[in-house]
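# Descriptive structure summary
One letter stands for each residue in the lines below.
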Amino acid sequence: MKHAILVVSRVGQPDDRAACMMGYVSDHDGAAANRRARRIADSAATHNCARDRPVVESSAAQVPPR
């Protein structure tokens, strides 16, 4: 069985260039996974790439190293 991971990224802007992975969400439950990923993305305005760790769901077992 294949296991897919949704990756939530903060895209750098011209004025700050801060870009990073904000979270990893298992897609095992379809639309609910998209809602969880959207919640993580909604925090992009306050996410500090230098300080904050990505959110990693426990079911997202195949996450790349941080």
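Everything that follows concerns the structure shown earlier in this document.
Attention in this report is confined to the structure presented alongside it.

What counts, and at which threshold
Residues numbered from 1 in each chain as written. Predicted model: local features only at pLDDT ≥ 70, side-chain atom pairs only at ≥ 80, totals over all residues. Heavy atoms only, no water. Salt bridge = Lys/Arg side-chain N within 4 Å of Asp/Glu carboxyl O. Buried < 20%, exposed > 50% of the residue type's maximum accessible area, 1.4 Å probe, protein only.

Under the definition given, this model contains three salt bridges. In this structure, the salt-bridge partner of R36 is D29, at a minimum N-O distance of 3.0 Å. Across the pair D52 and R51 runs a salt bridge, and its minimum N-O distance is 3.0 Å. Judged by its relative accessible area of 57%, R51 is exposed. Taken together, the salt bridges that share partners define one network made up of D29, R36 and E57.

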